[in-house]
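Descriptive analysis of the structure
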Amino acid sequence: MRIGTQISYSGGFAESVRDVVELEKAGLDVVTVPEAYSFDAVSQLGYVAAKTERVQLASGILQIYTRTPTLTAMTAAGLDFVSDGRFILGIGASGPQVVEGFHGVRYDAPLGRTREIVDICRQVWRRDRVVHDGKHYQIPLPADQGTGLGKPLKLINHPVRERIPVQVAAIGPKNVAMTAEIAEGWQPIFFHPERASDVWGDALAEGRAKRDPSLGDLDVAVGVPVAIGEDVGHMLDWVRPVVALYVGGMGARGKNFYNELACRYGYEAEAKLIQDLYLDGKKEEAAAAVPVELLQAISLVGSKGFVKERLAALREAGVTTLQLTFLEPAPERRVGVVSELRELLS
């Protein structure tokens, strides 16, 4: 099981990168840079590439609507080049609040667009002359839609790798099935190892049945808050506002993917309460309503013995990469956590 972490959305970026340099020495395998509606992830990934030597770098995630497929491919190839072949292209649909609310772009057909984007990216990385006649993207642009001067082109540069790993953030059954079919990695959110098979097992099996063997095994990269010790139980409460934000506020009633996930885990009543409170502006009450059982299931917070048990559960559920959110603020303690996890995983 690989160990990764994610740099914070905002503030303290230089300090976070200094932490990553020390974490790399302790055995960190992957660092992910998010992109929501903060600074772009690409410029920051280039900075991290220059400051590190071994750790893999992932976008977490580049949403699929605001870059053309070929620009996404060019960007991934460029990041792979400056990192000497260490980049992982993490993509996802994000949600209509961000895509339409911040970017002013229509949110539609996430599955179809993702499938076509992955195909186009792989053409670019192979240095094929890019030709794609899909429902959502036509390359070159048909003559009747433009000047008629477009012609198939191939990437000028020779990429470090002709297949850059693609990781897709997905939680809906159809999206998960597609991810298991076409991507190197899958990034779920709020992963409950004891209930994950009930929620995603059929979708994963469906996708893996169609999977090209050349893709290798599916990398399952799961985000987990972490704190190890005998006196860290109170830190579990620090996870509450994040879960409440997603389950309660990341979308509208009837259109919240994370609320639906909580319901599929068996927390229908709790999910409704959290959403009602959050959308009524009662954010603290919404956070307090998040079940402690759910918090414990999706986190690594507790004694070494407890964390070892949770690691075994995650491994049994098929997790291959941990994306850690460190709850302990001291940088030296984060280095210690990576070392302890390495020990517990051995």
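Described below are features of the structure shown in this document. Predicted model only: the values in this text are computed from it and were never measured. (Residues numbered from 1 in each chain as written. Predicted model: local features only at pLDDT ≥ 70, side-chain atom pairs only at ≥ 80, totals over all residues. Heavy atoms only, no water.)

So, about the overall build of the chain. The helix and strand inventory of the chain stands at 14 helices and 12 strands. Computed over C-alpha atoms, the radius of gyration of the chain comes to 20 Å, within 12% of the 20 Å expected from 2.2 N^0.38 for 346 residues, which places it in the range of a compact globule. Taken over the C-alpha atoms alone, the chain extends approximately 65 × 45 × 40 Å along its principal axes. In the chain, which comprises 346 residues, the proportion classed as buried is 51%. Total accessible area on the chain stands at roughly 16100 Å², and carbon and sulfur atoms take up 54% of it. Treating the 38 positive side-chain charges of the chain as one cloud and the 44 negative ones as another, the clouds have centres 5 Å apart. (Helix = DSSP H or I, 4+ residues; strand = E, 2+ residues; numbered from the N terminus. Rg over C-alpha atoms; globule rule 2.2 N^0.38 Å. Buried < 20%, exposed > 50% of the residue type's maximum accessible area, 1.4 Å probe, protein only. Areas by Shrake-Rupley, 256 points an atom, 1.4 Å probe, with all protein chains shown as cover. Lys, Arg positive; Asp, Glu negative; His and termini not counted. Charge placed at Lys NZ, Arg CZ, Asp CG, Glu CD.)

This paragraph deals with helix α2 (residues 41–51). One turn of an α-helix holds 3.6 residues; hence residues three or four places apart share an orientation. Here α2 has its buried residues at Ala41, Gln44, Leu45, Val48 and Ala49. Mapping the buried residues of α2 onto a view down its axis gives an arc of 145°, with all of them on the same face. Those residues of α2 hidden inside the fold are in contact with α1 (13–26), β2 (30–33), β3 (56–59), β4 (62–63), α3 (69–82) and β5 (87–92). (Arc of directions from axis to C-beta. Contact = heavy atoms within 4.5 Å.)

Right, let's get into the pattern of salt bridges. Counted under the stated rule, the structure contains 21 salt bridges. Note that Glu35 and Arg67 form a salt bridge whose closest N and O atoms lie 3.0 Å from each other. Here Glu35 is found in the loop between β2 and α2, whereas its partner Arg67 is found in the loop between β4 and α3, with 32 residues between them in sequence. For Glu35, a relative accessible area of 12% translates into the label buried. Owing to a relative accessible area of 15%, Arg67 belongs among the buried residues under this scheme. Note that Arg333 is salt-bridged to Glu328, the shortest N-O span being 3.2 Å. (Salt bridge = Lys/Arg side-chain N within 4 Å of Asp/Glu carboxyl O.)

A separate point is the packing of α2 against α3. Closest axis-to-axis distance for the α2/α3 pair is 9 Å, and the angle between their directions is 15°. Taken together, the axes of α2 and α3 are roughly parallel relative to one another. Crossing geometry of α2 relative to α3 is assigned as right-handed. Along its contact with α2, which presents Val42, Leu45, Gly46 and Ala49, the element α3 presents Thr75, Leu79 and Val82. Of the residues that constitute the contact of α2 with α3, the class distribution is 5 nonpolar, 2 polar and no charged. (Axes fitted to C-alpha atoms, helices over the stretch in contact; angles between N-to-C directions. Parallel < 35°, antiparallel > 145°, perpendicular 65-115°, else oblique. Left-handed = near helix turned anticlockwise from the far one by under 90°. Nonpolar A, V, L, I, M, F, W, Y, C, P; charged D, E, K, R; others polar.)

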